[in-house]
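In case you want the letters, here they are:
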Amino acid sequence: MSETFDAYVITRDEETKQQSGGWTQVSTDDLPEGDVTIRVRHTTMNYKDALAITGKSPVVRRFPMVPGIDIAGEVVASDSPDYAVGDEVIMNGWGVGEVHWGGYATYARMKSDWLLKKPAGLSGAECMAIGTGGYTAALCVQRLLDAGLTPESGTVLVTGASGGVGSFAISLLSSMGFTVAASTGRAEEEPYLRGLGASEIVDRNTLSGKGRPLDKELYAGAVDSVGSTTLANVLSQVKYDGTVAACGLAQGFDLPATVMPFILRGVTLAGVDSVMAPKARREAAYALLDKHLDRAKLAEITQEADIRNVDQLAADLIDGKVRGRLVFAVS
Ligand code: NDP
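Parameters and conventions
- Residues numbered from 1 in each chain as written.
- Predicted model: local features only at pLDDT ≥ 70, side-chain atom pairs only at ≥ 80, totals over all residues.
- Heavy atoms only, no water.
- 1 Å grid on protein atoms, 1.4 Å probe; cavity = no way out; pocket = protein on both sides within 12 Å on 5 of 7 lines; lining within 4 Å.
- Points joined across faces, edges and corners; volume = space filled by probe spheres on them.
- Helix = DSSP H or I, 4+ residues; strand = E, 2+ residues; numbered from the N terminus.
- Nonpolar A, V, L, I, M, F, W, Y, C, P; charged D, E, K, R; others polar.
- Near = heavy atom within 4 Å.
- Polar contact = N/O pair within 3.5 Å; in protein donor to acceptor, adjacent residues only side chain to side chain.
- Areas by Shrake-Rupley, 256 points an atom, 1.4 Å probe, with all protein chains shown as cover.
- UniProt positions renumbered as here; feature names shortened; annotations may be inferred.
- Patch = residues over 30% accessible without salt bridge, like charges linked within 9 Å, V, L, I, M, F, W, Y side chains within 5 Å.
- Salt bridge = Lys/Arg side-chain N within 4 Å of Asp/Glu carboxyl O.
- Core = buried A, V, L, I, M, F, W, Y, C linked by side-chain atoms within 4.5 Å.
- Buried < 20%, exposed > 50% of the residue type's maximum accessible area, 1.4 Å probe, protein only.
- Contact = heavy atoms within 4.5 Å.
- Expected span 1.5 Å × (residues − 1).
- Bend = angle between axes of the 7 residues up to and from the residue.
- pLDDT = per-residue confidence, 0-100.

For the chain, an unreviewed UniProt entry supplies the name Acrylyl-CoA reductase (NADPH) and the organism Pseudooceanicola nitratireducens.

What follows is the structure in structure tokens.
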């Protein structure tokens, strides 16, 4: 039976190529293909969502589109043996909000392969406060653990420290007992970063220029969301057998590095992608978050916001006026 509901829909004028978005009524018949229909309870706004809404970058690749790349909700219809009506589920990535309708609507329809059962120890709202940034940070930390890193291995460096991925990486690593060095360009964020658990602050300018192929061995491992010369310098400062989990390009997508850290120190560069990550890796990342993420710190950086204000909030987020994580209660 079909039902109409509210959705934020982005459309594009095919002549002018201008996109615009707003709240409108759609029908469950309009939902994309998928074997599980979800009543969206919470969603969030990531940088990518803000880009999609403002049209500042061509994130949306199919129109009309409902944005919202992270979803927490409840199954209301399922043709999948893996999910039953009433199950609480979460979803991150998979091109949702880009080529498949996302979470800024009362209902969403997904492929069951994209869904995860909500971790028992986290609420749906908390999962959305974590969002793609926190989940990506957990994927990065998991890569370091898989490589055998322990708190005894030595200090772990986190670059892009006051950003979304960086903040979660610091919080998670410090809760797990790691000593964390935080690289930032914002000296004024030192109290915030120490509050998250960083015990050393590194001026990002010391990493962003051209450095030596091999530098002093300072770190057992690193989580890098910056790329470019920063990542090259991080590789040159990682200790023998260390691992660097790389997920971002805040400085640039180039990597002007040498092979020296790899061939003389056995350093591993581990790439991390959140969008198409297989289910088992996602489950491991959420298990890590469930076990180790400090809920009080999460609450401190979370603000509940009204999803009706997404236009303004997206513009504010792009302008750097939003601190912490936005969570929307949808229905
Ligand atoms: P944010 O914008 O929240 O944070 C990025 C941080 O990087 C900034 O806060 C800043 O930290 C630092 N930074 C920004 N510009 C520069 C620069 N020119 N040189 C050095 N450092 C810089 O982004 P997120 O944390 O959400 O994402 C980080 C990166 O990871 C992005 O590139 C994003 O695209 C990518 N990403 C990748 C994913 C994947 O699946 N691989 C998933 C999610 C994100 P500070 O002020 O402390 O110096």
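A. Expanded view of the layout of surface pockets. Considered as a void within the structure, the second largest pocket measures approximately 180 Å³ in volume. Lining the second largest pocket are 15 residues, and of these Thr28, Thr37, Val76, Ala77 and Arg109 lie nearest its centre. Where the lining of the second largest pocket is concerned, the elements lending two or more residues are β3 (36-44), β4 (70-78) and β6 (107-110). Sort the elements by how many residues they give to the lining of the second largest pocket and β4 lands first, with three residues. Partitioning the lining of the second largest pocket into residue classes produces five nonpolar, five polar and five charged.

B. How the structure looks around the site of the ligand. Within the structure, the ligand sits among 22 residues, and Ser162, Thr184, Gly185, Arg186 and Ser274 are positioned closest to it. Contacts to the ligand include Ala250, whose backbone N or O atom sits 3.4 Å from an oxygen atom. Ser274 places a main-chain nitrogen or oxygen 2.7 Å from an oxygen atom of the ligand. Coverage of the ligand by the protein amounts to 72% of the 910 Å² it exposes when considered alone. Where the shell around the ligand is concerned, the elements lending two or more residues are α2 (124-146) and α3 (164-175). For the shell around the ligand, the class distribution of residues is seven nonpolar, twelve polar and three charged.

C. The UniProt feature "domain: Enoyl reductase (ER)" (unreviewed entry) in the chain, seen in detail. UniProt records the feature "domain: Enoyl reductase (ER)" (unreviewed entry) at residues 21-328, using the numbering of this structure. Counting secondary structure, residues 21-328 comes out at 32% helix and 24% strand; the distance between its end C-alpha atoms is 18 Å.

D. Local environment of a nonpolar patch on the surface. Residues Leu255, Val259, Met260, Phe262, Ile263, Leu264 and Leu269 make up a contiguous nonpolar surface patch of about 580 Å² in total accessible area. Counting residues per element, the nonpolar patch draws most heavily on helix α7 (residues 260-265), at four residues. Its place among the elements puts Met260 in helix α7.

E. Focus on empty space enclosed by the protein. Within the structure shown, the criterion is met by one cavity of 30 Å³ or more. Computed from the structure, the largest cavity encloses a volume of approximately 50 Å³. Along the walls of the largest cavity sit Ser167, Phe168, Ser171, Leu196, Leu293, Asp294, Lys297, Leu298 and Ile301, which together make up its complete lining. Listing elements by their share of the lining of the largest cavity, those giving two or more residues are α3 and α9 (295-300).

F. Up close: the nonpolar core. Ile170, Leu172, Leu173, Leu193 and Leu289 are the most contacted members of the largest nonpolar core, which totals 45 residues. For this core, the elements supplying multiple residues, two or more each, are α2, β8 (156-158), α3, β9 (180-184), α4 (190-196) and α8 (279-292). With eleven residues, the single largest contributor to this core is α2. What Leu172 contacts, discounting residues up to four positions off in sequence, is Ala138, Val141, Leu288, Leu289, His292 and Leu293. Membership of the second largest hydrophobic core comes to 28 residues, among which are Leu31, Met45, Val59 and Val310.

G. Region of interest: α2. Taking 1.5 Å per residue as the helical rise, α2 with its 23 residues ought to reach 33 Å, whereas the 27 Å between its terminal C-alpha atoms falls clearly short. Within α2, the axis deviates most sharply at Gly131, by approximately 80 degrees. For α2, the tally of buried residues reaches 18 of 23 residues, placing the bulk of the element in the interior. In the stretch just after α2, Gly148 is the one whose phi turns positive, near 100 degrees.

H. How the structure looks around the confidence of the model for the chain. On average, residues of the chain carry a pLDDT of 96, and 100% of them reach 70 or more. Reported confidences for the modelled complex are a pTM of 0.96 and an ipTM of 0.99.

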